[in-house]
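# Observations on the three-dimensional arrangement
Given next are the chains, with one letter for each unit.
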Amino acid sequence: MKLENSQNLQDHLKVFVELFEELAIIDDAIVEEERVIILLSSLPDGFSALINLMFLERSAYTKALLSRFGMDKANSVATPVDINADLVTTSDEVEECDKDLYQSAVGSLLY
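Before going into details, it helps to say that this report is about the structure given with it. Per chain, residues are indexed from 1 in the order of the written sequence. Whole-chain, interface and lining totals are the exception, using all residues; otherwise, since this is a predicted model, local features are given only for residues with pLDDT of at least 70 and side-chain atom pairs are given and counted only at 80 or more. Side-chain metrics rest on all non-hydrogen atoms present in the structure, leaving aside hydrogens and water.

Runs of E in the DSSP output that reach at least two residues are strands. Runs of H or I that reach at least four are helices, and both are numbered from the N terminus. Helices and strands together make up the secondary structure of the protein chain, namely four helices and zero strands. Traced from its N-terminal end to its C-terminal end, the protein chain shows the element sequence α-α-α-α. Relative to the compact-globule value of 13 Å for 111 residues, the protein chain shows a C-alpha radius of gyration of 20 Å, a clear excess of over 25%. Any residue under 20% of the maximum accessible area for its type is buried, any over 50% is exposed, and the rest in between are partly exposed; the area is computed with a 1.4 Å probe on protein chains only. Across the 111 residues of the protein chain, 14% fall into the buried class. Two residues form a contact once any of their heavy atoms are found within 4.5 Å. Considering only contacts in the protein chain between residues 6 or more positions apart, those separated by 24 or more positions represent 55%. For the accessible areas, the method is Shrake-Rupley and the probe is 1.4 Å, while residue cover comes only from the protein chains on display. For the protein chain, the computed accessible surface area is about 9900 Å², with 55% contributed by carbon and sulfur atoms. His is not counted here, nor are the chain ends, while Lys and Arg score as positive and Asp and Glu score as negative. By convention, charge coordinates are those of NZ in Lys, CZ in Arg, CG in Asp, or CD in Glu. Of the charged side chains in the protein chain, 8 are positive and 21 negative; the average position of the first set lies 8 Å away from that of the second. Atoms counted for the radius of gyration: C-alpha only. Globule rule: 2.2 Å times the number of residues to the power 0.38.

Note on ring pairs: Phe, Tyr and Trp rings are taken, using the six-membered ring of Trp, and paired if centres are within 6.5 Å. Classes follow the plane angle, with under 30 degrees stacked, over 60 edge-to-face and the rest tilted. According to the stated counting rule, one finds one aromatic pair in the structure shown. When the ring of Phe 16 is compared with that of Phe 20, the centres are 5.9 Å apart and the planes differ by 45 degrees; the resulting orientation is tilted. Within this pair, Phe 16 and its partner Phe 20 are both found in helix 1 (residues 9-25), separated by four residues, close to a single helical turn. Like Phe 20, Phe 16 is buried.

With that settled, the discussion passes to the side chain of Ser 42. Of note, Ser 42 is situated in the loop between helix 2 (32-41) and helix 3 (48-68). Ser 42 has contacts with Met 1, Lys 2, Leu 3, His 12 and Phe 16, leaving out every residue within four places of it along the chain.

Below is the structure:
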């Protein structure tokens, strides 16, 4: 479902919102990030500058977040932890993380 040059953008977006709402009703909801990708890919070539800007903005924001939380030099992996491992403490001395820093990082990622 591509936006035609003669079609109103607001009407086009309305159709997508209604479709997403209908899918949610039948328990087949599409997560927000996928909604954005679907909407952006439905726009004609005339919107390519806007689409590129949005992805560049997001990329710059992500890089800034990684730097802010000291993870800009971290190595990425598909699954950062063994999903079958039992997580238990091995000593009485457990290093606590900075709760405020953790909440700030999660909040920033959700933004």
